[in-house]
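Take a look at the letters that make up each chain.
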Amino acid sequence: MSNKSNQILKNTNAQILDEFNASIMFDKELYAQDIKGSIAHSQMLCEQGILTKEEQEAIEKGLLQVKDEIESGEFKFSLAFEDIHMAVESRLTEIVGEPGKKLHTARSRNDQVATDFRLYVQEKTLSIKKQLKELISTFITVANKHTTTLIPGMTHLQHAQPLNFGFHMLAYANMFKRDFERFESSYKRNNFSPLGSAALAGTPHNINRFSSSEKLGFEAPSSNTMDSVSDRDFALEILFNISTCMMHVSRISEELVTWSSYEFQFVKMSDEYATTSSIMPQKKNPDVPELLRGKTGRVYGNLISLLTVMKGLPLAYNKDTQEDKEGVFDSVKTVEISLKILNEVIKTMIVNVDKMESACKIGHLTATDLADFLVQKQNMPFRTAYYITKDVVACANSLNKDISELTLDEIRGANSELKDISEEITMYLDLRNSMNSRNSFGGTSTIQTVEQIKAFENWLEKI
Ligand code: ARG
């Protein structure tokens with residue numbers, strides 16, 4: 001091989017290696033956290049007499065200039081700097097000269113990246129919590145309007161028992177409340193600063209980790225420097241929290257797809273959130289909830305991916321952990337847009353009360369009520385009551401009626417045990433009475449539903 005082609009091969013390899021090794025193309029997302037962390041670090045170094053006041057001021061001013069350059073689009077992101085941490089430091093040194101070279105005293109990129117990434121995760125945890133609060137408020141608003149709207153409650157996607165639609169909305173409010181609490185608890189658990197851990201073992205410099213931790217809004221510095229440069233549990237926690245939250249987003253989306261189908265027509269998506277078909281002019285498609293459902297896949301992938309990256313790593317820092325970021329950025333963006341859109345979809349959906357209520361007259365939703373009546377009022381063993389009720393269901397079917405529509409005579413004729421049954425039974429078969437009879441704590445009766453709404457309103461006021 002000629003010298004010239006050898007040279008080209010070497011350069012090509014170098015470029016491929018840079019591309020392979022670098023993270024700047026994605027970790028530039030962390031520029032604001034990196035600059036915030038560096039300012040706090042420089043202030044702490046100054047307090048400790050490691051930097052002079054002039055040096056610290058030059059560094060802080062320079063870092064703010066770098067931030068401006070990044071935000072105005074002037075900043076050149078080059079693979080040569082490998083990552084955002086090196087890129088910021090080298091531009092700083094270009095701007096301020098010698099003091100820039102002192103910034104990295106008592107710090108390694110290992111604790112720097114752990115700090116920046118943790119700051120990002122903590123900030124996003126707070127903003128996702130805020131979005132969840134808005135979404136829960138929306139569910140409560142819809143629930144409040146529909147505490148007496150009947151909807152068939154299902155198990156196995158088969159009609160089971162009548163509910164009110166407000167109660168159904170509250171089931172989702174509860175799921176998203178637990179999501180909120182999961183983000184809240186992971187925030188608390190992870191609110192410790194890795195900064196000053198240096199490469200892995202701490203530093204011989206006389207630093208004050210409590211000071212930099214406080215400046216960055218952490219509760220305290222992490223208690224073991226080796227753990228805090230290698231741990232990525234905090235990233236896994238946000239990935240898990242997002243995955244569970246998106247699973248809930250996906251379940252309500254699935255219901256919206258079903259409810260907006262021609263067969264159900266329980267809700268109509270506002271035109272803004274429905275799409276048309278390029279070929280079938282009559283169509284209104286639920287692309288938005290379908291996509292919300294579909295996006296759940298990628299956030300699960302991001303969780304499994306990082307769990308796998310972490311599982312075999314010896315302590316402490318390993319380059320493998322550079323793979324922790326893209327998935328988290330992607331999951332955060334996905335959940336942010338999904339919660340925003342779901343909130344709008346729920347806010348603007350048109351609830352078709354008539355369709356929901358007339359669907360309750362299909363499938364003998366009050367059959368269990370009849371059996372319960374026979375147990376409570378006739379002292380019948382439940383299994384006997386169950387078989388008698390089956391006869392009433394068969395009678396209703398033969399008359400092409402729902403059990404709730406049978407007359408007293410028809411009920412009495414369905415089984416010899418019922419021939420003298422009191423008129424009270426018709427009340428038990430009434431759909432609305434049935435819903436309201438489930439008045440046990442947390443049940444679907446309007447009274448219980450209103451209580452649940454009140455409890456949510458109190459909770460929302462407090463958080
Ligand atoms: N770009 C790396 C990361 O994201 C930076 C950390 C330290 N690199 C190193 N070789 N010690 O993880």
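Being a predicted model, the structure only gives us computed values, none of them experimental.

Student: Explain the overall build of the chain here, please?
Tutor: Assigned secondary structure in the chain consists of 20 helices and 6 strands. Against the globule reference of 23 Å for 463 residues, the chain gives a C-alpha radius of gyration of 31 Å, more extended than a compact globule. With the principal axes as the frame, the chain shows a C-alpha extent of 100 × 55 × 40 Å. Looking at the chain as a whole, 41% of its 463 residues are labelled buried. Within the chain, contacts between residues separated by at least 24 positions form 75% of all contacts whose residues are at least 6 apart in sequence.

Student: What exactly am I supposed to notice about the site of the ligand here?
Tutor: Close to the ligand lie S23, D27, D83, R109, N110, V113, Y317, K319, T321 and Q322, which account for all nearby residues. Tallying contributions element by element places helix α7 (residues 109–145) first for the shell around the ligand, with 3 residues. Of the residues in the shell around the ligand, the class split is 2 nonpolar, 4 polar and 4 charged. Inspection of the shell around the ligand shows a minimum of three residues originating in each of domain 1 (15–105) and domain 2 (110–204 + 224–353).

Student: Please clarify how the domain arrangement of the chain should be interpreted in this entry.
Tutor: Interface extent is often summarised as the accessible area lost during association of the parts. Taken as a whole, the chain is organised into domain 1 (15–105), domain 2 (110–204 + 224–353) and domain 3 (361–456). Spacing between the C-alpha centres of domain 2 and domain 3 amounts to 39 Å. Tallying the contact residues gives 17 residues for domain 2 and 15 residues for domain 3. Those elements that provide at least two residues to the side of domain 2 that touches domain 3 are α7, β1 (150–155), β2 (158–164) and α8 (165–189). The dominant element in the side of domain 2 that touches domain 3, judged by the number of residues it contributes, is β2, at 6 residues. Residue composition of the side of domain 2 that touches domain 3, grouped by class: 10 nonpolar, 7 polar and no charged.

Student: Even after reading the chapter, I still don't get the environment of V351, so can you show me in this structure?
Tutor: Following the sequence through the fold, V351 ends up in strand β6 (residues 350–351). C-beta crowding within 10 Å serves as the criterion here: with 18 such atoms nearby, V351 is assigned to the partly exposed category. On a C-alpha basis, the gap between V351 and H146 in space is 9.2 Å, while along the polypeptide they are 205 residues apart. Those residues within four positions of V351 in sequence are excluded, and the remaining contacts are H146, F165 and V267.

Student: Whenever I open this one, the environment of M269 confuses me. Can you help?
Tutor: On the secondary structure map, M269 appears in the loop between β5 (267–268) and α12 (287–310). For the pair formed by M269 and V288, sequence separation is 19 residues and the distance between their alpha carbons is 9.5 Å. Residue contacts for M269: discarding those within four places in its chain leaves S260, A274, P286, V345 and M349.

Student: Would you mind showing me how to read helix α5 (residues 84–96) here?
Tutor: Under the 1.5 Å per step criterion, the end-to-end length of α5 is 18 Å for 13 residues, consistent within 8% with the ideal 18 Å. Looking only at α5, the buried set comprises I84, H85, A87, V88, E89, R91, L92 and V96. For α5, the secondary structure elements touched by its buried residues are α2 (24–27), α3 (31–47), α4 (53–72), α6 (98–102) and α7. Of the residues flanking the end of α5, it is G97, one or two places downstream, whose phi is positive at about 75°.

Student: What am I meant to see in the nonpolar core here?
Tutor: Proteins that are soluble and globular tend to have nonpolar side chains buried together. The biggest cluster of nonpolar side chains holds 87 residues, and the ones touching the most others in it are F139, A143, M169, A173, A235 and V335. Every residue in contact with V335, bar those within four places of it in the chain, is listed here: I128, I242, C245, M246 and V299. Counting 18 residues, the second-largest nonpolar core is a separate cluster that includes A371, I388, A396 and I411.

Student: It is not clear to me how the packing of α7 against helix α13 (residues 325–348) should be interpreted in this structure. Could you clarify?
Tutor: A pair of packed helices is captured by two measures, namely the crossing angle of their axes and the spacing between those axes. Interhelical geometry of α7 versus α13 gives an angle of 15° and a closest axis separation of 10 Å. Accordingly, the angle class assigned to the pair α7 and α13 is roughly parallel. The element α7 and its partner α13 pack so that their crossing is left-handed. Residues F117, V121, K124, I128, Q131, L132, E134, L135, T138, F139 and V142 of α7 form the contact with α13, whose own contacting residues are K325, V328, V332, V335, E336, L339, K340, L342, N343, I346 and K347. A per-class count over the contact of α7 with α13 returns 13 nonpolar, 3 polar and 6 charged.

Student: Got a minute to help me understand the confidence of the model for the chain in this structure?
Tutor: Caution is warranted with low-pLDDT regions, since their predicted coordinates should not be read in detail. Looking at the chain, the pLDDT average stands at 95 and 96% of residues meet or exceed 70. Overall fold confidence for the complex sits at a pTM of 0.93, while the interface term, ipTM, reaches 0.95.

Student: What should I look at first to understand the packing of α8 against helix α20 (residues 446–462) in this one?
Tutor: Taken N-terminus to C-terminus, the directions of α8 and α20 make an angle of 35°; their axes are 10 Å apart at the nearest point. Seen along the crossing, α8 lies across α20 with a hand that is left-handed. Facing α8, whose interface residues are G166, F167, L170 and A173, α20 presents T449, Q452 and F456. Per-class residue counts for the contact of α8 with α20 are 4 nonpolar, 3 polar and no charged.

Student: I keep staring at α20 and nothing clicks. Help me out?
Tutor: In an α-helix, one turn spans 3.6 residues; hence positions three or four apart end up facing the same way. Given a rise of 1.5 Å per residue, 17 residues ought to cover 24 Å, and the 25 Å separating the end C-alpha atoms of α20 matches this to within 8%. Taken as a whole, α20 has its buried residues at Q448, T449, Q452, I453 and F456. The arc that holds the buried residues of α20, viewed along the axis, is 140°, so those residues lie on one side. Looking at α20, the residues exposed on the side facing more than 90 degrees away from the buried face are I447, K454, A455, N458, E461 and K462. Summarising the contacts, the buried residues of α20 are in contact with α7, β2 and α8.

Student: Would you take a moment to explain the pairing of β1 for this structure?
Tutor: Two faces belong to every sheet, and in a regular strand the side chains alternate between them. With 6 bridges joining them, β1 and β2 adopt antiparallel strand pairing. For T155, the partnering residue across the bridge sits in β2 and is Q158. Connecting the antiparallel pair β1 and β2 is a turn made up of 2 residues, with H156 showing a positive phi of about 55°.

What counts, and where the lines are drawn
Residues numbered from 1 in each chain as written. Predicted model: local features only at pLDDT ≥ 70, side-chain atom pairs only at ≥ 80, totals over all residues. Helix = DSSP H or I, 4+ residues; strand = E, 2+ residues; numbered from the N terminus. Rg over C-alpha atoms; globule rule 2.2 N^0.38 Å. Buried ≥ 20, exposed ≤ 12 C-beta atoms within 10 Å, placed from the backbone. Contact = placed C-beta atoms within 7 Å. Near = placed C-beta within 6 Å. Nonpolar A, V, L, I, M, F, W, Y, C, P; charged D, E, K, R; others polar. Domains from an automatic or database assignment. Expected span 1.5 Å × (residues − 1). Core = buried A, V, L, I, M, F, W, Y, C linked by C-beta atoms within 7 Å. Axes fitted to C-alpha atoms, helices over the stretch in contact; angles between N-to-C directions. Parallel < 35°, antiparallel > 145°, perpendicular 65-115°, else oblique. Left-handed = near helix turned anticlockwise from the far one by under 90°. pLDDT = per-residue confidence, 0-100. Arc of directions from axis to C-beta. Pairing = 2+ DSSP bridges.

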